[in-house]
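# Summary of structural features
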Amino acid sequence: MKKKYPERRLGKKTIGKAVYSDYKVVKIKTEENGLGIFKTLIVMGVLALQLAILILIYLFLSYLFRWYVILSYVLSFFTCIYVISTNKNSLSKAVWILFILLSFGFGYIIYFLSDERIFFGRKKKRYARIFAASGKYADEYSENCCNGEILLDAQYLYRTGGFVPYCGTRLKYYPSGARMFDEVLECLTSAQSYIFIEMYIISDGVLFDRVMKVLEDRATAGVDVRILYDFIGCHRTLSSASIKRIKRAGIKLECFNRLTPRFSVALNFRDHRKIIVIDGKVAFTGGVNLADEYVNEKRMFGYWKDSGLKLEGSAVRAFTLFFLRQWEFVTGRVQEYGRFLSAGYEVPSESVVIPFADGLDYDYHIGKNVYENIIANASQRLYIMTPYFIPDDSITALLRNKALSGVDVTLVIPGVPDKAFVYSVTRKYAEKLTDSGVKVYRMKDSFVHSKVVANENCAVVGSINMDLRSFYQQFECAVYTDDKGVMKDIQADFDWAISYGERITDYDRRRKNVFQRIYTGLLQLVAPFM
Amino acid sequence: MEEIKGDCEPRDFLNVSLTRDNEWNLREKYKLFGWTETEIKDDSLYSNVVHVSYYRPHFIDNKDDLQLLQVRMESEINNLSKADMYKHLRSALACSLVAIMAILLVAAAVVAPLVNLTALHIAVCSFCGLCAVLCLIFGIMWVINIRRNENQKFLNLRERTSESITAICIRAELLSGVKNEEEIS
């Protein structure tokens, strides 16, 4: 039957129905990204206004008092000397010095506004008090299950953060977020005592509805359900209707580092951890947030490749402790650690599992150093999967040297970017390694969100990207293990990703034109903030 | 994943907007990835767009591979379509450049004798006129050459895309176990 379409009329002229003329032949209906941009623009506008006021005050003072210009020059000079003496990585130091010298009137003020010892100092003391009070619930260190190859890493993790190795824990690796969340939902339905969820992003959508149905049911049954989310991570994805729904269900909800319209670089410190703990017996972690794109229910940047890990056994206590400490920090109320950490739960296993966390609550850059140790200890092969590859000099040098020494170094990065400028810098750093023999693969039509680093003896799976933000500014968590089953699954996952990948060669690096090189060179100046 | 009333098996849903007369028979191709068509609707605004709804069981074998292959297929088709839209961009730019140069030369040839009728101005007029003719002749040859290259490049891309999509469909068939109805018929 021939279809007739309604016709449009313009005066006496009849125009047929409009014809879609965009190039896309096929469009998936979930391709819109994000919401709530209006709120973001308002807050950014207020912050920009405060920065502008700061600059205007400087210009006004300079106009009135000539000696202020000389004074600010002198202060900028000494600030540069101070920056050189700090423990920051070399790229950050170079960028800060350049910034202070180019804006010598107010650059040093912004530098000190960003110094975590000044504006995070009180919070660090609060963390220290929480750690001291909850220290008695942390498990004792024992090397019984650690053999020679991972003993040094175990000692490092214990000495820097008090993280202990566990022997009675079974692990399961998931090569996709969808598979992980299928099992998360199954475990959540059988929760009897408590459910703790800590996520960087929680987003309205199909997955959220599925999880909420289970959480509402469990909360009604008397289970203690707590959700901790990051404000910046969720401000454009979690609607106020969903927040009300969570609270109406009797679920305790807290937000980490709420955004305030007050200029402070402490806003840069985000909770990037992904932790789900159920009854102290099962925990999940990895790169997967509670949002549709992570389980491929929503199309954002092609196919979303992610990884997750399930822990069953004694090591879950560590994640319970991480969550409770962060909860106490956010709420300001002392938690009943004993209630949640009293009983041990062991599962027969031969592997060593060391859950660890990183962030400004620790004095060392644990995530970065663990990655460096794994790279340094690799003698046969080294696999890295990361969405952003912006390492500092030490990691770049280690990777180069390992590849030149004959170690099979493989790096898998996304083929589809989520942030174009970050991706340009990622490509630049990755391509620089190709001349040393590092095999770099882009997974075509996919956004790789997995954070996995593995050598022939051990692996780390967690939330830690291989970029400066994760190393120096964010709260992260991961699991270090020598589990043979997990190592085998990781190997299979890499083989799978490489089979769908495209290798980047030295030719790709050399054929970039001068404008592209200038563009990525300029982007490197803001790499420490990416 | 939602549960249909009276059906305990959880399902995934997919809603796709397709151009009606696409050459790839996409409506059938989605079935190779395990999807079953439930509804097809015409778009209210565009005459050449249809909205198709599909479902499939949530728990299926090789789901990750099938999802990635589906994304690949869509990406290849959209990239080819984008290339088709912009395939004559270079020749259009070249043609515009040649036309502008020819117009400027002709204008110079016309204006020069109007300014003054000296030997120099007549020489300039003749020179500009000759340059305009040569510009047109060589310009047209250049544009035709570019156009030929563009067509060839597009044909090569179409061939590669077609092979790629065929390979994707064969792999999807193997993974999902669904037979390609086009091949059967």
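Residues numbered from 1 in each chain as written. Chains lettered and ligands numbered in written order. Predicted model: local features only at pLDDT ≥ 70, side-chain atom pairs only at ≥ 80, totals over all residues.

## Here we look at the overall build of chain A
Broken down by element type, chain A carries 20 helices and 22 strands. Long-range contacts, defined as pairs at least 24 residues apart, comprise 81% of the intrachain contacts of chain A with a sequence gap of at least 6. (Helix = DSSP H or I, 4+ residues; strand = E, 2+ residues; numbered from the N terminus. Contact = placed C-beta atoms within 7 Å.)

## Here's the deal with the environment of A:Ile202
Residue and element names in this part refer to chain A. Its location among the elements puts Ile-202 in the loop between strand 5 (194-199) and helix 9 (206-220). Taking the number of C-beta atoms within 10 Å as the measure of exposure, Ile-202 has 25 and is therefore buried. Residues Ile-202 and Asp-418, spaced 216 residues apart in sequence, show a C-alpha to C-alpha distance of 17 Å. Discounting chain neighbours no more than four positions away, the residues touching Ile-202 are Phe-208, Tyr-229, Cys-234, Thr-237, Leu-238, Leu-290 and Ala-291. (Buried ≥ 20, exposed ≤ 12 C-beta atoms within 10 Å, placed from the backbone.)

## Side note on the pairing of strand 16 (residues 439-443) of chain A
Residue and element names in this part refer to chain A. For strand 16, the buried fraction is high: four of the five residues fall into the buried class. Both strand 15 (residues 408-414) and strand 16 contribute to a ladder of five bridges, which runs parallel. Across the sheet, residue Pro-414 finds its bridge partner in strand 16, namely Met-443. In this sheet, strand 22 (residues 501-504) lies alongside strand 16 in antiparallel orientation, the contact comprising four bridges. Bridging from a neighbouring strand, Val-440 pairs with Ile-504 of strand 22. (Pairing = 2+ DSSP bridges.)

## A look at the interface of chain B and chain A
Tallying the contact residues gives 26 residues for chain B and 24 residues for chain A. For the side of chain B that touches chain A, the secondary-structure elements that each account for two or more residues are strand 2 (10-19) and helix 2 (63-85) of chain B. Looking at which element gives the most residues to the side of chain B that touches chain A, the answer is helix 2 of chain B, with 13 residues. Where strand 3 (residues 26-28) of chain A meets strand 2 of chain B, three bridges bridge the pair, whose relative direction is antiparallel. Looking at strand 2 of chain B, one finds that A:Val26 is bridged to B:Leu18.

## A closer look at the domain arrangement of chain B
Residue and element names in this part refer to chain B. By domain assignment, chain B separates into domain 1 (1-60) and domain 2 (62-177). Just the C-alpha atoms count here: the centres of domain 1 and domain 2 sit 36 Å apart. Of the residues lining the interface, six residues belong to domain 1; the matching set on domain 2 comes to 11 residues. Among the residues making up the side of domain 1 that touches domain 2, the classes are represented as four nonpolar, one polar and one charged. (Domains from an automatic or database assignment. Nonpolar A, V, L, I, M, F, W, Y, C, P; charged D, E, K, R; others polar.)

## A short note on the confidence of the model for chain A
Averaged over chain A, the pLDDT score is 86; the fraction of residues at 70 or greater is 90%. In the predicted structure, residues 1-15 of chain A sits below a pLDDT of 50 and forms eight contacts with residues beyond four places in sequence or in another chain. (pLDDT = per-residue confidence, 0-100.)

## Brief notes about the sheet that holds strand 8 (residues 275-278) of chain A
All names here are of chain A. Taken together, seven strands build an open sheet; the order of strands is 4-11-9-8-5-6-7 and the sheet is mixed. Lying at the two open borders of the sheet, with one neighbouring strand each, are strand 4 (169-174) and strand 7 (252-256). Adjacent strand axes in the sheet meet at a mean angle of 10 degrees when their direction is disregarded. (Axes fitted to C-alpha atoms, helices over the stretch in contact; angles between N-to-C directions.)

## Observations regarding the domain arrangement of chain A
Partitioning chain A into structural domains gives domain 1 (37-114), domain 2 (121-358) and domain 3 (366-529). Computed over C-alpha atoms, the centres of domain 1 of chain A and domain 2 of chain A are 37 Å apart.

## Some remarks on the nonpolar core
With 142 residues, the main nonpolar core has A:Ala459 and A:Val460 as its most contacted residues. When near neighbours in sequence (up to four residues on either side) are disregarded, A:Ala459 contacts A:Val452, A:Val453, A:Ala454, A:Thr481, A:Val486, A:Met487 and A:Ile490. (Core = buried A, V, L, I, M, F, W, Y, C linked by C-beta atoms within 7 Å.)

## Points about the sheet that holds strand 15 of chain A
Residue and element names in this part refer to chain A. With mixed pairing, eight strands are arranged side by side in an open sheet as 12-21-19-18-13-15-16-22. Edge positions in the sheet fall to strand 12 (353-358) and strand 22, since each of these pairs with one other strand and no more. Here the average twist between neighbouring strands, direction ignored, is 20 degrees. Bridge count for strand 12 against strand 21 (residues 476-481) is six bridges, and the pairing is antiparallel.

## Points about the packing of helix 14 (residues 366-377) of chain A against helix 15 (residues 393-404) of chain A
Residue and element names in this part refer to chain A. Helix 15 packs onto helix 14 with a crossing angle of 15 degrees between their chain directions and a minimal axis gap of 9 Å. Between helix 14 and helix 15, the angle falls in the class roughly parallel. Relative to helix 15, helix 14 is oriented so that their crossing is left-handed. Between helix 14 and helix 15, the residues in contact are Tyr-371, Glu-372, Ile-375 and Ala-376 and Ser-394, Ile-395, Leu-398, Leu-399 and Lys-402, respectively. Tallied by class, the residues present in the contact of helix 14 with helix 15 amount to six nonpolar, one polar and two charged. (Parallel < 35°, antiparallel > 145°, perpendicular 65-115°, else oblique. Left-handed = near helix turned anticlockwise from the far one by under 90°.)

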